[in-house]
Amino acid sequence: MALLQTLILRVITTAVTLLGVAVIVFFVIRVVPGNPIAMMLPPGATAEDIANLTAIYGLDKSIPQQFFIWGTGVLGGDFGTSITLKQPVLELVLGRLPATLELSVLALVMAIVIGGAAALTGTRLRETRVEGGIDVAQGMALSVPDFLWGLVLILVFGVLVPVFQISGRVTPSLQLPFVSDFYLVESLLRLRFDLSLDLLSHMLLPALALAIPLAAIIGQLLKQSLKETMHLDYVTLARTQGYSEAKVIWSQALPNAILPTLTLVGVQFTFLIGGTVIIERLFSYEGLGNMAIDAVINRDLPLIQGIVILFAVIFTGVNLLVDLTYAALNPRLRHG
Amino acid sequence: MSFLSVRNLSARVKGGGPLLRDVSLDVAVGEVRGLVGESGAGKSMIGKAVLGILPKAVEITSGQIMLDGVDLLALPPAQRRIKVGATCALIPQDPLTALNPSRRIGVQITDRLVDILGWTRQRAEERALALLGEVQITEPTRVLRQYPHELSGGMRQRILIASAFAAEPKLIVADEPTTALDVTVQKQILKLIAALQVRHGTALLFVTHDLGVVSKVCQKLSVLYAGKVVEDSAVADFFRAPKHPYSAALLAATPKYTDPLAGLQPVPEAVIAAVRAEVAHG
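Structural notes, computed from the coordinates. (Residues numbered from 1 in each chain as written. Chains lettered and ligands numbered in written order. Predicted model: local features only at pLDDT ≥ 70, side-chain atom pairs only at ≥ 80, totals over all residues. Heavy atoms only, no water.)

### Quick notes on the overall build of chain B
When you go through chain B residue by residue, the secondary structure sums to 11 helices and 10 strands. The C-alpha atoms of chain B give a radius of gyration of 19 Å, which matches the 19 Å a tight globule of 282 residues would have. In terms of principal-axis extent, the alpha carbons of chain B reach across some 60 × 50 × 35 Å. The buried share among the 282 residues of chain B stands at 50%. Side-chain charges of chain B comprise 32 positive and 26 negative groups, with the mean position of each set lying 3 Å from the other. (Helix = DSSP H or I, 4+ residues; strand = E, 2+ residues; numbered from the N terminus. Rg over C-alpha atoms; globule rule 2.2 N^0.38 Å. Buried < 20%, exposed > 50% of the residue type's maximum accessible area, 1.4 Å probe, protein only. Lys, Arg positive; Asp, Glu negative; His and termini not counted. Charge placed at Lys NZ, Arg CZ, Asp CG, Glu CD.)

### Focus: the packing of helix α6 (residues 153-165) of chain B against helix α7 (residues 183-200) of chain B
Residues and elements named next belong to chain B. With their axes 11 Å apart at the nearest point, α6 and α7 run at an angle of 15° to one another. By the criterion of interaxial angle, the relationship of α6 to α7 is roughly parallel. The two elements α6 and α7 cross, and the hand of that crossing is right-handed. When α6 is examined against α7, the residues G154, Q157, R158, I161 and F165 are found in contact with a partner set consisting of V185, Q188, I189, L192, I193, L196, Q197 and H200. When its residues are assigned to classes, the contact of α6 with α7 shows 7 nonpolar, 5 polar and 1 charged. (Axes fitted to C-alpha atoms, helices over the stretch in contact; angles between N-to-C directions. Parallel < 35°, antiparallel > 145°, perpendicular 65-115°, else oblique. Left-handed = near helix turned anticlockwise from the far one by under 90°. Contact = heavy atoms within 4.5 Å. Nonpolar A, V, L, I, M, F, W, Y, C, P; charged D, E, K, R; others polar.)

### Considering a nonpolar patch on the surface
Taken together, the side chains of L155, F157, V159, L160, V161 and V163 of chain A present a nonpolar region at the surface, about 550 Å² in accessible area. Position of F157 of chain A among the secondary structure elements: in helix α7 (residues 146-160). (Patch = residues over 30% accessible without salt bridge, like charges linked within 9 Å, V, L, I, M, F, W, Y side chains within 5 Å. Areas by Shrake-Rupley, 256 points an atom, 1.4 Å probe, with all protein chains shown as cover. Salt bridge = Lys/Arg side-chain N within 4 Å of Asp/Glu carboxyl O.)

### Points about the pairing of strand β9 (residues 220-225) of chain B
Put simply, side chains in a regular strand alternate between the two faces of the sheet. Residues and elements named next belong to chain B. The buried fraction of β9 amounts to 5 of the 6 residues, a majority that puts the element mostly inside the structure. One ladder, built from 5 bridges, connects strand β3 (residues 32-37) with β9; its direction is parallel. Considered in β9, the bridge of L35 is made with S222. Both β9 and strand β10 (residues 228-234) contribute to a ladder of 6 bridges, which runs antiparallel. Opposite L224, over in β10, you have V229 as the bridge partner. From the end of β9 to the start of β10, which pair antiparallel, there are 2 residues, and A226 there has a positive phi angle of about 50°. (Pairing = 2+ DSSP bridges.)

### Side note on the sheet that holds strand β4 (residues 58-67) of chain B
Residues and elements named next belong to chain B. Read from one edge to the other, the open sheet built from 4 strands follows the order β2-β1-β4-β5, with strand pairing classed as antiparallel. The strands lining the two open edges of the sheet, one partner per strand, are β2 (18-28) and β5 (70-71). The sheet contact formed by strand β1 (residues 2-13) and β2 spans 7 bridges and is antiparallel. From the neighbouring strand, A11 faces β2, where its bridge partner is L20. Across the sheet, helix α1 (residues 43-51) is in contact with β1, β2 and β4; its angle to β2 comes to roughly 70°.

### A look at the environment of L151 of chain A
Residue and element names in this part refer to chain A. Among the structural elements, L151 can be located in helix α7. A relative accessible area of 43% places L151 in the partly exposed class. Distance from L151 to A209, taken between C-alpha atoms, is 8.5 Å for residues 58 residues apart in sequence.

### Things to note about the packing of aromatic side chains
This structure, assessed with the given rule, holds 10 aromatic pairs over all chains. Plain terms: the ring middles of F26 of chain A and W70 of chain A are 5.3 Å apart, the flat faces sit at 35° to each other, and that makes the pair tilted. Taken together, the positions of F26 of chain A in helix α1 (residues 2-31) and W70 of chain A in helix α4 (residues 63-75) put the pair 44 residues apart, joining distant regions of the chain. Among the aromatic side chains, those forming a connected cluster through ring pairs are F26, F27, F67 and W70 of chain A. The ring of F26 of chain A carries the charged tip of R30 of chain A above its face, separated from the ring centre by 3.6 Å. The ring of W119 of chain B carries R123 of chain B above its face, with NZ or CZ at 3.7 Å from the centroid. (Phe/Tyr/Trp six-rings, centres within 6.5 Å; stacked < 30°, edge-to-face > 60°. Lys NZ or Arg CZ within 6 Å of the ring centre and 35° of its normal.)

### Quick notes on the environment of A226 of chain B
Residue and element names in this part refer to chain B. Assignment of secondary structure puts A226 in the loop between β9 and β10. When its relative accessible area of 26% is taken as the criterion, A226 is described as partly exposed. In this structure, the C-alpha to C-alpha distance between A226 and D259, residues 33 residues apart in sequence, is 30 Å. Excluding residues within four positions of it along the chain, A226 makes contact with L19, R21, A41 and V279.

### As for the sheet that holds β9 of chain B
Residue and element names in this part refer to chain B. Overall, mixed pairing links the 6 strands, which are arranged β6-β7-β8-β3-β9-β10 in an open sheet. Unpaired on one side and paired on the other, β6 (88-91) and β10 mark the two borders of the sheet. Adjacent strand axes in the sheet meet at a mean angle of 15° when their direction is disregarded. On the sheet, α6 packs against β6 and β7 (171-175) and is oriented at approximately 175° with respect to β6.

### Considering the nonpolar core
If you look at the biggest cluster of nonpolar residues, it comprises 91 residues, and the most contacted ones within it are L4, L132, I159, I161, L171, F206 and Y246 of chain B. In terms of nonpolar packing, the next biggest core, distinct from the first, is built from 61 residues, A99, L108, L153 and F283 of chain A among them. (Core = buried A, V, L, I, M, F, W, Y, C linked by side-chain atoms within 4.5 Å.)

Take a look at the structure:
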């Protein structure tokens, strides 16, 4: 009963959040300088041409009127048509979303694996030089933003030691048998590991650039909670039962220490998705973020709106998922 | 013969003062030894040293801990851990923090039987069920599936006691097992430990500051002051005639329920000064 109430409340707050995002985006991009019509017409267009084109896109109406037209369309699943690409926004956005999702999830997995390994190693070897080394590395990882890591990775693994691809999502000459836009997932399902390898070779560096700062945050926080947990009585009791230090950390401390980290990972994952915008640009990766930058440059209003709304849906969705996982992992939250 | 024999054990805080000074004590097979003293006298430290769970800041400077004829301090850490895990157990002080909050009661009892002692899962589960019956928990099948936060402090301590006896250890260290409990529950838990100890013939090192508890449960007694054993007696002899002036004063300081108006008798200053001098020079 309580769970259902919470869920309903969450859905309502989510709807309000999305409405707020829609309103802000819609108005802001119409108030800031720059206008899509000016981008479309050649220099020397007459005032009449401009007025005609403006009317075609409905930009001659007042902003609240425009919002109403767009809003009713969205409720019916119609996000309008991209001004520059002349295609339905929904189609464009959903076509690019899988590329960004695959990149973000790969980055998240890498961050969890790297950060988790660092935290576990640091806890096992606490108060040694190894822990000190891990702390220093994490400090460095944290103090440099993801796009600078992207440049460093391009320089090192793309130019100096060119072992990974640094541009695009997949080698263009390859024949792709895919029916969906989830290339990596589909290549794995079709057992076309040659394609998976090519995709991963393209994704690895941008994913790593996104993962490095998050890995450092996960590593620091998880190690902190693990070290606190290691002093607790049930951990000591497990030691007297003959468990090795590594086993004590893994099976006694970790399940409890992981909870605060989990909440943080949820919040940070949304930042990571935000980070894809610039990282995708850097690596010419054909995802949503890259499309967003083009849309902003071209003042493609309907496309910007569509992308921002989609990002907002992803953010709220991730947060909801984190809350549900938290309840599943923490038995004390389940009853009551 | 002694199952546990601590010989001339000294320990200190790294770079600091001594915590244990030349401590020697024996616990025979099936025997119960009480370990009493004020807070900070080092009584818990001895139990921790035996089980190998001393805080990292504490180091053992000299002495031996002979368990079943083997010096634990001479063993490599992995072997020591397995030796202790297979023959000893701990009943911890605070049942509210000694169970893992995210794991069901059942696995917290059975895991070590399976992981460390190599029992089959089924045998371990049957054992857990039988033991919960033995510590008088009603509906043991249900309790095994519950989480610690669903149970009371007394229930949790019963579970920890059951868990301690699960592998038929030769020695159990009970570290003030009733201190954190409600007074009404303390007596039941004490009775339970005593009954199980007799039934299983387990040697018990009973750390407590309560001489009343000692008189009920223990056969032998070590009195500690500032990390030094000042008296080592049979319990019956101790209560009749304590050998050391400090233990005599400690015994006199025990509140008497038969005469509540007598008030508390603190250990006299002179006795404390004398025992301090003795510990420092001895």
